[in-house]
Structures are given as C-alpha cells and as structure tokens.
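Coordinate inspection notes
Here's the letter readout for the chains.
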Amino acid sequence: MRAAYTCSKTFSGYPCSHRQWRHPGHCRFVHGYSRSFTFWFQARSLDQNGFVVDFSSLGALQARLAEQFDHTFLVNADDPLLEQWQGLHEQGALDLRVMSNVGMEASAELIWGWANDLLQARDGGRSCCWKVEARENEKNAACFEAMPDWFDAGGPDLRSAD
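Residues numbered from 1 in each chain as written. Predicted model: local features only at pLDDT ≥ 70, side-chain atom pairs only at ≥ 80, totals over all residues. Heavy atoms only, no water.

1. Section: the environment of D47
Mapped onto the elements of the fold, D47 is located in the loop between β2 (31-43) and α1 (59-69). Residue D47 is classed as buried on the basis of its relative accessible area of 16%. Spatially, the C-alpha atoms of D47 and D149 are 21 Å apart, while their sequence positions differ by 102 residues. With residues near it in sequence (within four places) discarded, D47 still touches D54 and R126. (Helix = DSSP H or I, 4+ residues; strand = E, 2+ residues; numbered from the N terminus. Buried < 20%, exposed > 50% of the residue type's maximum accessible area, 1.4 Å probe, protein only. Contact = heavy atoms within 4.5 Å.)

Laid out in structure tokens, this is it:
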C-alpha cells in the first residue's frame, strides 16, 4: 500500500430541479432536491501549510457548483421537451442547464473532473480528487471514484517486505 494523506470537503445547499424523462415512473416528472457534494482529496505530500488541500482555495470550485446547481433546472441534452425548456428559460421562468445526464451518478463524475482540473492546474499533480459523492437528500447519494491518469500516487510503499 502506498502512503497518502487524505481529507474531504462538503459543499451543500444547492437547490435545483431535474427530470429523468426516460424513466417509466415518477422520476420522469420535474422534481427537485437541495443537492450536496462531498469531495475526497489525496496527496503524496502536504502543501506549505501542512494541508492536502487548502479548503479556502476551493472558491472557484464552489462558484462552479453554484453556477451549475443553485436554483437551476437541469435537463438532459436529448430531452424531447428541450425546446420548451429553452423557451421557458428565455422567458425567465427557469434557469436552464443542459447536461448530457442529469442523474446523480453522472453529476458526481462531472464535478470530479472539475475538481481535478483545478487541482492539476494549481498543484501540478501534488494532489487530486479521488472520489465525489453527490447527494440529493439524506437518503440518496451516488459516488464516482477514480484516480486521474496524471496523478502519481507515489510515496513509500508500506507493504511488509515478508
């Protein structure tokens, strides 16, 4: 096992609505949640402050989450009512965000990418986001977990040499 430091940060309070138009049940109707997102970070070494990730440096990520999910209506790009949703957006009735997939699993993957874009550009590969949980309420959540290709999880190997 490789040595690594980890930490997590939760951002919450993003009320938005969506629909899963292909779903045969009630999920095909417009419904909403106050989404929250937890990011798990990893680093092989700590920064100059002794942090895996300085949470105060995540303002750009927090702003991007707010832009995408705060009081917005999320719709799949292939939704057959897309034209109507766009019309309602133009009339000021909703704040539309078109996504390839509005589900929680796909949302977790999307924002995992945002976090890693930020960290790679800023830290040059010292730290990464290896997991994101996208939560729609206290009962339901979905996760996406992966190591970015560019992250070197190097460090001492802690496996016994037996």
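2. Examining the packing of aromatic side chains
Taken as a whole, this structure holds 8 aromatic pairs when the rule is applied. Measuring from centroid to centroid gives 6.2 Å for F39 and F41, while their planes differ by 10 degrees, and the two rings are stacked. You can call F39 buried: its relative accessible area is 0%. Through a chain of ring-to-ring contacts, the aromatic side chains of Y14, F37, F69 and W114 assemble into a single cluster. (Phe/Tyr/Trp six-rings, centres within 6.5 Å; stacked < 30°, edge-to-face > 60°.)

3. Observations concerning the pattern of salt bridges
Evaluation of the coordinates by the stated rule reveals 7 salt bridges. Of the charged contacts in the structure, one is a salt bridge between R97 and D95, with a shortest N-O distance of 2.7 Å. (Salt bridge = Lys/Arg side-chain N within 4 Å of Asp/Glu carboxyl O.)

4. Some thoughts on the nonpolar core
F37, F39, F41, L65, F69, I111 and C129 are the most contacted members of the largest nonpolar core, which totals 28 residues. For this core, the secondary structure elements donating two or more residues are β1 (5-18), β2, α1, α3 (104-123) and β5 (127-135). Ranked by residue count, the leading element in this core is α3, at 7 residues. Residues within four places of C129 in sequence aside, it is in contact with F39, W40, F41, W112, A115, N116, L119, A146 and P148. Judged by nonpolar contacts, the second largest core, of 6 residues, contains F73, V75, L94 and L96. (Core = buried A, V, L, I, M, F, W, Y, C linked by side-chain atoms within 4.5 Å.)

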